[in-house]
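This is what each chain is made of:
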Protein chains: 2
Amino acid sequence: MRSIDELIRGLSRLPGVGNKSASRIAYHLIQRDVRDNHLLGELISTIQDKIRLCDVCGSFTEGQICDVCQDPHRDHTLICVVEQPQDVFTIEASGVYNGYYHVLHGAISPLDGIGPDQLTIGQLIERITTGDFSEVILAMNPTEEGDTTAMYITHLLRSSRVTTSRLASGLPVGGDLEYTDKVTLARSLRGRIRMSDQ
Amino acid sequence: MRSIDELIRGLSRLPGVGNKSASRIAYHLIQRDVRDNHLLGELISTIQDKIRLCDVCGSFTEGQICDVCQDPHRDHTLICVVEQPQDVFTIEASGVYNGYYHVLHGAISPLDGIGPDQLTIGQLIERITTGDFSEVILAMNPTEEGDTTAMYITHLLRSSRVTTSRLASGLPVGGDLEYTDKVTLARSLRGRIRMSDQ
């Protein structure tokens, strides 16, 4: 049926939704309270009208400047650089960080044609040179692109007074040596922490 | 952020979509081409206007009578009884069945307050007594509710000229004895097939 097929096709383009899940969702949509469909359809159609990027850090916000950037009680000496806006929410949800953020909107990836100019690295350097930050935490993903971007930014900041740091990479807590890939294992060995120092 | 939270909540009510997948989908929606969101939102909002239940079998259709019921070239002696409209699509996709269908829209479940009168069992009996069917394939799920419903319908048809059958239950093809639950294993033992007969 054309209308069901169209709906399944549209749903299966969402991340993590395969063809089978899309069918299951479509049949559910056909049979549930129609008001729930009107509400969800409206939320999806209009989400981009309600959300924009923060003028300061580039994270998602409903206003002009996001809640974090507007909060004067956070640690003014720390800025955490992430690839995507959703990374801000992930770190906020962990509750272990109290500084500010900067969203690059990607990572340097020559193969994908993404160089430093396509990212917000210029704005980051501007914020660091005019702000009070003393440490830049480079929280890009532990991938080749993330590492390249971290090295590039560290290089740009080599003559400034700020220190740069990178999130530790290694075994996930609760993980199992047996199921850890070689690269992660190599990193966790290189980055090993002396017990006697703690 | 209220609008993102609302969207995540709406998405996480879809079957098979947990809170983490819903977040991932929401962030994707915020960042992709807005026209894709307008299209998907419209498809979800309007799907129930386009789809109705077939007057004959109770499956989904865009018209008054579904394609299967309208097809004169199918096997008029066979009717396959299923719980849900989507079961029709699953069986059709297998390509191994060429008869007609009847959708019960559920199964007898006293605990959930669903008795025979809440299902389309009356219409099924009517179709069988007035039609040319010689076999009724009871393709309800191999659950207690499905079994109860199958037994109930078989009982209703005991004095009619049609034979009733039930889908074979047992090990899934490609499955593994070691990982098969006890009930399935018991059924596959009870329903064992003599190799010498084949």
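Here, the structure is the one placed above.
These remarks concern the structure in this document.

The rules behind these values
- Residues numbered from 1 in each chain as written.
- Chains lettered and ligands numbered in written order.
- Predicted model: local features only at pLDDT ≥ 70, side-chain atom pairs only at ≥ 80, totals over all residues.
- Heavy atoms only, no water.
- Helix = DSSP H or I, 4+ residues; strand = E, 2+ residues; numbered from the N terminus.
- Buried < 20%, exposed > 50% of the residue type's maximum accessible area, 1.4 Å probe, protein only.
- Contact = heavy atoms within 4.5 Å.
- Areas by Shrake-Rupley, 256 points an atom, 1.4 Å probe, with all protein chains shown as cover.
- Lys, Arg positive; Asp, Glu negative; His and termini not counted.
- Charge placed at Lys NZ, Arg CZ, Asp CG, Glu CD.
- Least-squares fit on C-alpha atoms with pLDDT ≥ 70 in both.
- Buried area = accessible area lost by both parts, 1.4 Å probe.
- Salt bridge = Lys/Arg side-chain N within 4 Å of Asp/Glu carboxyl O.
- Polar contact = N/O pair within 3.5 Å; in protein donor to acceptor, adjacent residues only side chain to side chain.
- Core = buried A, V, L, I, M, F, W, Y, C linked by side-chain atoms within 4.5 Å.
- Pairing = 2+ DSSP bridges.
- Axes fitted to C-alpha atoms, helices over the stretch in contact; angles between N-to-C directions.
- Phe/Tyr/Trp six-rings, centres within 6.5 Å; stacked < 30°, edge-to-face > 60°.

**Digging into the overall build of chain A**
Here comes step 1: For chain A, the helix and strand inventory stands at eight helices and six strands.
Here comes step 2: Secondary structure of chain A in N-to-C order comes out as α-α-α-β-β-α-β-α-β-α-β-α-β-α.
Here comes step 3: If you line up chain A on its principal axes, its C-alpha atoms span 65 × 45 × 35 Å.
Here comes step 4: Of all 198 residues assigned to chain A, the portion counted as buried reaches 40%.
Here comes step 5: A separation threshold of at least 6 residues defines the contact pool for chain A, and within that pool the share at least 24 residues apart is 49%.
Here comes step 6: In the structure as shown, chain A presents an accessible area of about 11600 Å², 53% of it carried by carbon and sulfur atoms.
Here comes step 7: Looking at chain A, you have 19 positive and 26 negative side-chain charges, and the mean spots of the two groups are 5 Å apart.

**Considerations on the relation of the copies chain B and chain A**
Applying a rotation about an axis and a shift along it to one chain copy brings it onto the other copy.
Here comes step 1: Superposing chain B onto chain A takes a rotation of 180° plus a shift of 0.0 Å along the axis, which leaves an RMSD of 0.1 Å. When the rotation and shift are considered jointly, the pair of chain copies conforms to a two-fold rotation axis. The C-alpha atom lying nearest the rotation axis in chain B is that of B:Gly41; the distance is 1.9 Å.
Here comes step 2: By residue overlap, the copies meet face to face through one surface: 100% of the interface positions of chain B are interface positions in chain A.

**Examining the interface of chain B and chain A**
Here comes step 1: Contacts between chain B and chain A engage 43 residues on the former and 43 residues on the latter.
Here comes step 2: Note on chain B versus chain A: buried area summed over both sides is about 4300 Å², and carbon and sulfur give 67% of it.
Here comes step 3: Considering only the surface of chain B that becomes buried against chain A, B:Met1, B:Ile44 and B:Gln48 emerge as the three largest contributors, covering 15% of it.
Here comes step 4: Remark: the boundary between chain B and chain A carries two salt bridges.
Here comes step 5: Here A:Arg13 ties to B:Asp36 by a salt bridge, and the two come within 3.2 Å at their closest N and O atoms.
Here comes step 6: Counting the contacts that link chain B with chain A gives 16 residue pairs in polar contact (both at pLDDT 80 or more).

**Describing the nonpolar core**
Here comes step 1: Counting 36 residues, the largest nonpolar core has A:Leu11 and B:Leu11 as its most contacted members.
Here comes step 2: For this core, the secondary structure elements donating two or more residues are helix H1 (2–12), helix H2 (19–31) and helix H3 (34–50) of chain A together with helix H1 (2–12), helix H2 (19–31) and helix H3 (34–50) of chain B.
Here comes step 3: Leave out the neighbours within four places in its chain, and A:Leu11 touches A:Val17, A:Ala22, A:Ile25, A:Ala26, A:Leu29, B:Leu40 and B:Ile44.

**Concerning the sheet that holds strand S6 (residues 163–166) of chain A**
Residue and element names in this part refer to chain A.
Here comes step 1: With parallel pairing, four strands are arranged side by side in an open sheet as S4-S3-S5-S6. Of all strands in the sheet, those with a lone pairing partner are strand S4 (100–103) and S6, marking the two edges. Direction aside, the axes of adjacent strands within the sheet are offset by 25° on average.
Here comes step 2: Two elements, strand S3 (residues 78–82) and strand S5 (residues 135–138), share four bridges in a ladder whose sense is parallel.

**Digging into the side chain of A:Arg32**
Here comes step 1: Of note, A:Arg32 is situated in the loop between H2 and H3.
Here comes step 2: Here A:Arg32 sits buried without a salt bridge, and the closest side chain of opposite charge, A:Asp36, lies 4.5 Å off (N-O distance).
Here comes step 3: Polar contacts involving the side chain of A:Arg32 include one to the main-chain carbonyl oxygen of A:Asp36, which spans 3.3 Å.
Here comes step 4: Those residues within four positions of A:Arg32 in sequence are excluded, and the remaining contacts are A:Asn37, A:Leu40, B:Leu14 and B:Gln48.

**As for the packing of aromatic side chains**
Here comes step 1: Considering all chains together, one arrives at eight aromatic pairs over all chains under this definition.
Here comes step 2: Put simply, the rings of A:Tyr27, B:Phe60 and B:Phe89 pair up and form one aromatic cluster.

**Quick look at the side chain of A:Ser59**
Residue and element names in this part refer to chain A.
Here comes step 1: Within the secondary structure, Ser-59 sits in the loop between strand S1 (52–53) and strand S2 (60–61).
Here comes step 2: We classify Ser-59 as buried; its relative accessible area is 2%.
Here comes step 3: Not counting the four nearest positions on each side in its chain, Ser-59 is found in contact with Arg-52, Leu-53, Cys-54, Pro-85, Val-88, Phe-89 and Val-103.

**Here's the deal with the sheet that holds strand S6 (residues 163–166) of chain B**
All names here are of chain B.
Here comes step 1: Spatial ordering of the open sheet is given by S4-S3-S5-S6, a layout of four strands whose pairing is parallel. The open sheet is flanked by strand S4 (100–103) and S6, the only strands paired with a single partner. Along the sheet, successive strands turn relative to each other by an average axial angle of 25°, direction set aside.
Here comes step 2: As judged from the four bridges shared by strand S5 (residues 135–138) and S6, these two strands associate in the parallel manner. In the strand pairing of S6, Val-136 is matched with Thr-164.
Here comes step 3: In the packing of helix H6 (residues 121–130) onto the sheet, contacts are made with strand S3 (78–82), S4 and S5, and the angle to S4 comes to roughly 155°.
Here comes step 4: The strands that helix H7 (residues 144–156) touches are S3, S5 and S6; relative to S6, the one it contacts most, it runs at about 170°.

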